[in-house]
Amino acid sequence: MKNFLKDVQKHLLSGVSFMMPVIVAGGVILAISLLGANQTATGLVPQPGIMTYLNQLGKAGMTMMIPVFSAYIAYSVAGRPGLTPGFILGFITNSTVSVGGVDVKAGFLGALVLGLMAGYMAQWIKGWKIAKNPTIRSIMPILIIPIFTVLVLGLFYYFIIATPFSWLMNALTSFMATLNGTNKIAFATFMGVFAEIDFGGPVTKSVSMFTLALINEGVLEPNGIFRVLVSVPPIGIFLGTLIAKNKFTKEERENAKAVGIIGCLGITEGAIPYAVKDPKAVYPATILGGITAALIAAFGNVTCPVPHGGFIVLPVVGNKLWFVAAILIGSLVTALVLKFLKKPVSQEEVSA
Amino acid sequence: MKIVGITACPTGIAHTYMAQECLEQELKKRGFEYKIETQGSLGAENELDDDDVKDADVVILAVSIVIEGEDRFDGKPILRVPVDRAIKDTANLVDEAVLLTK
């Protein structure tokens, strides 16, 4: 069972991995198209001409992200035969379809589940005894697997999971969209503690998957908070090496420059070596910095439409000043806690 | 002793290459022959060709996502671990790989 869950996690991460560039392309182009857009009763309407074309291109990217996600989950499970059902089923879960007269859309959650099912089903069919027969063998991948998986799982979607998943997704979206007061503080604190607890590892990627699901539904604040947080540990550690020179070796201080720079580019992983070496100081520091940053970002309603963070996405984030303030103040808190908690290293190590 | 391997992480910009570096340093330190392919967001780099694989005693797959061309290693002893272990626990990982060749 544990192995199965590990496999599932790997498949989901594979899907995220292939989806990432699609959302970056879609999200950035979409955000550009909304520069100078007109505020109307039905939302932002881009300027006519090139901005409208960009808007359509961006939306195409955002529409493709979900089918790509489910297709590559299925690919990770079953290899090539997973792609066809993955794409088609992902597309249908992310479209609004009428089921018994009610409009439903299962979105990201539906795509996640159907992507896995498509993969496992394709994998299962590959193992059928009849598939070893030389004549049948050649038509398996081009006829039987694609038709069978799409037909069975497609109908399964309409009759069994479309409606409950649509409810679930709607409930989640409206809950996140209307977060305020205590709930908002609780949510931001939660994000601050857990979003970067493993500095870009599996926990981070799970949180990322959740905020991406909400982007797809047009709720951009959770992703805004998250994209602030990716920069806090690395920049915080860099600042820490500046204000507490005697508590880091020369090598650590040199490396911290690179860590700080890639932190500004939205990559957290540079913090890992520091956390491994001195977890008792680094974890409290990054967690407290994270909570601070998350609360500031939540308070300032920072939004982000793309799955990447750090100053590099500044042109497309909403409430830019709050975004910058959240990163800087959060990092500063991290640095101060580091200064306070870290033990001095020996004189030779400081200068050597 | 010749060890080949592949590293791959979900984002494909940081862990993949850190894991490669850690493995290469450890293998170099032990005086082994080695070649580590990365499958990051740019696709496969430092790719293992047929000769590399043929001569390898053991294969380390430090991957957290699906990778390309895994069938290249059919019949070889394979040690499969999440990409993080290659960074945090490199020495033990290589020990385990060496055990697999016996």
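Residues numbered from 1 in each chain as written. Chains lettered and ligands numbered in written order. Predicted model: local features only at pLDDT ≥ 70, side-chain atom pairs only at ≥ 80, totals over all residues.

So, on to the overall build of chain A. From N to C terminus, chain A includes 14 helices and 4 strands. Considering only C-alpha atoms, chain A reaches an extent of 75 × 55 × 40 Å along its principal axes. Evaluated residue by residue, chain A yields a buried proportion of 49% over its 352 residues. Partitioning the contacts of chain A with sequence separation of at least 6, the portion at a separation of at least 24 is 77%. (Helix = DSSP H or I, 4+ residues; strand = E, 2+ residues; numbered from the N terminus. Buried ≥ 20, exposed ≤ 12 C-beta atoms within 10 Å, placed from the backbone. Contact = placed C-beta atoms within 7 Å.)

Broken down by element type, chain B carries 4 helices and 5 strands. A compact globule built from 102 residues should have a C-alpha radius of gyration of about 13 Å, and chain B, at 12 Å, falls within 12% of that. Taken along its principal axes, the extent of the C-alpha atoms in chain B is 35 × 25 × 20 Å. When the 102 residues of chain B are sorted by exposure, 39% land in the buried category. (Rg over C-alpha atoms; globule rule 2.2 N^0.38 Å.)

On to the sheet that holds strand β5 (residues 78-81) of chain B. Residue and element names in this part refer to chain B. An order of β3-β2-β1-β4-β5 is seen for the 5 strands of this open sheet, with the pairing classed as mixed. Of all the strands in the sheet, just β3 (43-45) and β5 have a single pairing partner and so form its edges. Across the sheet, the axes of successive neighbouring strands diverge by a mean angle of 15°, strand direction being ignored. Bridging between strand β2 (residues 33-40) and β3 involves 3 bridges; their strand directions are antiparallel. The residue bridging T38 from the neighbouring strand is E45, located in β3. (Pairing = 2+ DSSP bridges. Axes fitted to C-alpha atoms, helices over the stretch in contact; angles between N-to-C directions.)

This part takes up the domain arrangement of chain A. All names here are of chain A. As far as domains go, chain A holds domain 1 (2-174) and domain 2 (181-351). Averaged C-alpha coordinates put domain 1 and domain 2 at centres separated by 31 Å. With 17 residues of domain 1 at the contact, the number on the domain 2 side is 14 residues. Of all the elements, helix α1 (residues 2-33) adds the most residues to the side of domain 1 that touches domain 2, at 11 residues. (Domains from an automatic or database assignment.)

Here we come to the interface of chain B and chain A. With 13 residues of chain B at the contact, the number on the chain A side is 15 residues. Mapped by element, the contributors of at least two residues to the side of chain B that touches chain A are α1 (15-29) and α3 (83-88) of chain B. It is α3(B) that contributes the most residues to the side of chain B that touches chain A, 3 residues altogether. Grouping the constituent residues of the side of chain B that touches chain A by class yields 7 nonpolar, 4 polar and 2 charged. (Nonpolar A, V, L, I, M, F, W, Y, C, P; charged D, E, K, R; others polar.)

Attention shifts here to the environment of L42(B). With respect to the helices and strands, L42(B) occurs in the loop between β2 and β3. With 33 residues separating them along the chain, L42(B) and G75(B) place their C-alpha atoms 28 Å apart.

Turning our eyes to something else, we now look at the environment of E221(A). Residue and element names in this part refer to chain A. Tracing the backbone through its elements, the reader meets E221 in helix α8 (residues 221-229). Considered as a pair, E221 and A298 are 77 residues apart in the sequence and their alpha carbons are 7.3 Å apart. With near-sequence residues (within four places) excluded, E221 lies in contact with N301 and T303.

Its identity as a non-glycine residue notwithstanding, N319(A) has a phi of 60°, on the positive side. Locating N319(A) in the fold gives a position in the loop between α12 (279-299) and α13 (320-341). With phi around 50°, N46(B) is a residue other than glycine that occupies positive phi space. For N46(B), the position within the fold is in the loop between β3 and α2 (50-55). Judged by the 14 C-beta atoms lying within 10 Å of it, N46(B) is partly exposed.

Looking now at the nonpolar core. Side chains of nonpolar character tend, in soluble globular proteins, to be buried together. Residue and element names in this part refer to chain A. Formed by 128 residues in total, the largest nonpolar core has its most connected members in I225, L229, A294 and A297. Considering every element that reaches this core, the biggest residue donor is helix α2 (residues 50-78), with 14 residues. Among the domains, domain 1 (2-174) and domain 2 (181-351) are the pair contributing at least three residues each to this core. (Core = buried A, V, L, I, M, F, W, Y, C linked by C-beta atoms within 7 Å.)

Turning our eyes to something else, we now look at the packing of helix α4 (residues 107-126) of chain A against helix α5 (residues 134-177) of chain A. A pair of packed helices is captured by two measures, namely the crossing angle of their axes and the spacing between those axes. Residue and element names in this part refer to chain A. In contact at an axis separation of 9 Å, α4 and α5 are set at 150° when each is read in the N-to-C sense. One finds that α4 runs roughly antiparallel with respect to α5. Seen from above, α4 lies across α5 with right-handed handedness. On α5, the residues touching G107, L109, G110, V113, L114, M117, A118, M121, A122 and I125 of α4 are I144, I145, F148, T149, L153, Y157, I161, F165, L168 and M169. (Parallel < 35°, antiparallel > 145°, perpendicular 65-115°, else oblique. Left-handed = near helix turned anticlockwise from the far one by under 90°.)

To continue, consider α13(A). In this model α13(A) runs 32 Å from its N-terminal to its C-terminal C-alpha over 22 residues, within 8% of the 32 Å that 1.5 Å per residue would give. Every buried residue belonging to α13(A) is among W322(A), F323(A), A326(A), I327(A), G330(A), S331(A), V333(A), T334(A), A335(A), V337(A) and L338(A), and all of these are buried. (Expected span 1.5 Å × (residues − 1).)

It is worth spelling out helix α6 (residues 181-194) of chain A at this point. All names here are of chain A. The first and last C-alpha atoms of α6 sit 20 Å apart over 14 residues, in line with the 20 Å expected at 1.5 Å per residue. Regarding α6, the residues found buried are A188, M191 and G192. Projected down its long axis, α6 shows its buried positions confined to an angular sector of 100°, all on one face. More than 90 degrees from the buried face of α6, the exposed residues found are T182, N183 and A186. Turning to α6, the residues buried within the fold contact α8 and α12. (Arc of directions from axis to C-beta.)

This part is about the pairing of strand β4 (residues 58-63) of chain B. Along any regular strand, the residues point their side chains to alternate faces of the sheet. Residue and element names in this part refer to chain B. The buried fraction of β4 is high, at 6 of 6 residues. With 6 bridges connecting them, strand β1 (residues 2-8) and β4 associate as parallel partners. In the sheet register, A8 faces β4, and the bridge partner there is V63. With 4 bridges joining them, β4 and β5 adopt parallel strand pairing. Pairing of L61 across the sheet is with R80, part of β5.

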